[in-house]
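Listed here are the chains, written in short residue letters.
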Amino acid sequence: MRDGQPHRPQPLPWIHTRFAELTGEPLSYTRALVAVDGFAQAVRAFAAEGGKGCNITVPFKLEAAALATGKSERVILAGAANTLVLHADGRISADNTDGLGIVADITRNAGVEITGRDVLLIGAGGAAAGVLGPLLRQRPRRIVIANRTVEKAQALADSHAAIAAEVASELAASALEPIAGDFDIVINGSASSLAGAASPVAHRVLRKGALAYDMMYGEKAQGFLHWAASHGPWRVTVLACWSNRQRNRLPCGAACARPPGRCCASCAPKSPRAADRRCHYRRCNCARIGTMSLKAITRWLALVVLAFVALQLFFVLRVALMVVVDPESTTFQRSQAWQQLTATTGGPALHWRQEWVPYAQISDSLKRAVVAAEDDGFVNHEGVDWTAIEKNWDRNNRMQELAEKRMAANPKAAPRAIRIRGGSTITQQLAKNLLLSGERSMLRKGQELVLAMLLEQFLSKQRILEIYLNNVEWGDGVFGAQAAARRYYNKNANQLGSAEAARLAVMLPAPKRFEKQPQSAYLNGRTRVIMGRMNRTELP
């Protein structure tokens, strides 16, 4: 088979040779540079040398159709051919597979439906004529043929008027400027790409989310593709040539095949041998630039939204169930249990203390001490204390500025860690420990705020404090008020006195550290402060 074209040939011979290797067909495929006025002579000479067929590129597609003695329906309709089969008796059969390939490429590879869409076809030569019929068969709402010579565009439209009427699609001809309206799909079948030029039409023809498609191969398509991409990657998907020619035995005996996969533009082969190593024989002559199709983006966004909604519904059901059912464990507790099991070298060993006790069986002193130490506005806020958050935000910024000033004054000094205060309420802490991870991120903090307000809507303040006191960590493997009272004072949670309760409350920010330093100066001093606040603390 030959590739005859007056412009610099593209790597069609190599592509078709690879197709033949993949399908097990013996084939010698080369290319020939043919003079503009010598196409018919070149075809006949090739047939005399034993040639069996050839692929035709612009500008010879119209001449190929005229030269053929047998024509498929597609060639008769388009008046152009891209495939010739040379018979031993001198007959020449012609077919046109351009339209089949472009339709498959747009609908399958780009994921863009043609049905019901507005399509602009630029050009009225052999390339455009070959694809117009198959495009109409997809039942678009409208196709406008734009060409430098309006009469030629009108002639092409008239030759396809019967198909347009059959599928109830509007078919019109236009000059390149102006073109009425904008379009979902813009296909460049003109000769402008031969010179690597940009589109011969204005940007306004591209509708938001449009597909811009160039029928030219490789680098020659870049002018048109860059013109389209300059509209913004969020607006336009751009695609060059087709990569989906189905294996199809034609009535004339010609065959074309599709490779098992495609190479993206970033790994486009520089040579056949290099491509073998890089792409593992997954071939195409497609160069794709820009973004995913609008349909693919919409699908992914819909999945993200659906997953988010499903997660929120799960949280709502979990919180609603806590109205009557005590949670068996929290996310934080499970993570701590896993750490214990995986950190043990002599085999799994879980040291765990937890015993649920009702709200009434927890000392009021412990309730007051925890509220005074952790969230003195607990009974008044609705899950989030915005004033405390703002106050701690300002405090953290001031501490950061002071730390930067100290480092600037003494660069050699070791940096001192800044103690960040978050201003989380008891409800927020419960939301995080119950259902979320301990990572520090804005996304996790936002979900924490939502869950805190959700807890306040479903649960009473007493129920929130009850769940919190039964699940909060008070040491390594020690969870809940009852386990803490037994661990540190060998008594039940309802027997704790004021001093004991205040000391337990002060341990909460860092229970494992204070468990190992029970007589630290900070613990003793902070305990006295909390004892002084307890009498003024209101309980729910």
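The text that follows walks through the structure, step by step, so that each part is easy to find.

Conventions and cut-offs
- Residues numbered from 1 in each chain as written.
- Predicted model: local features only at pLDDT ≥ 70, side-chain atom pairs only at ≥ 80, totals over all residues.
- Heavy atoms only, no water.
- Axes fitted to C-alpha atoms, helices over the stretch in contact; angles between N-to-C directions.
- Helix = DSSP H or I, 4+ residues; strand = E, 2+ residues; numbered from the N terminus.
- Parallel < 35°, antiparallel > 145°, perpendicular 65-115°, else oblique.
- Left-handed = near helix turned anticlockwise from the far one by under 90°.
- Contact = heavy atoms within 4.5 Å.
- Patch = residues over 30% accessible without salt bridge, like charges linked within 9 Å, V, L, I, M, F, W, Y side chains within 5 Å.
- Areas by Shrake-Rupley, 256 points an atom, 1.4 Å probe, with all protein chains shown as cover.
- Salt bridge = Lys/Arg side-chain N within 4 Å of Asp/Glu carboxyl O.
- Buried < 20%, exposed > 50% of the residue type's maximum accessible area, 1.4 Å probe, protein only.

1. Some thoughts on the packing of helix H5 (residues 98–109) against helix H6 (residues 126–137)
And then number 1: The interhelical angle for the contact between H5 and H6, taken along N-to-C directions, is 55°, at an axis separation of 7 Å. Here H5 is positioned oblique relative to H6, judged by the angle of their axes. At the point where H5 passes H6, the crossing takes the right-handed sense. Contacts between H5 and H6 involve Asp98, Gly99, Leu100, Ile102 and Val103 from the first element and Gly130, Val131, Pro134 and Leu135 from the second.

2. As for a nonpolar patch on the surface
And then number 1: Together, Leu321, Val323, Val324, Val325 and Phe458 give the surface a local cluster of nonpolar side chains, amounting to about 440 Å² of exposed area.
And then number 2: Relative to the helices and strands, Phe458 is located in helix H16 (residues 442–458).

3. Quick look at the pattern of salt bridges
And then number 1: In this structure the tally under the stated criterion is 19 salt bridges.
And then number 2: For Arg444, the salt bridge is made with Glu448, and the minimal N-O distance between the two is 2.2 Å. Placement of both Arg444 and Glu448 in helix H16 is noted, with a separation of four residues, approximately one turn of the helix.
And then number 3: The exposure class of Arg444 is buried, given its relative accessible area of 11%.
And then number 4: Taking the shortest distance from any N to any O, the salt bridge between Arg487 and Glu515 comes out at 3.2 Å. Here Arg487 is found in helix H18 (residues 481–489), whereas its partner Glu515 is found in helix H20 (residues 511–516), with 28 residues between them in sequence.

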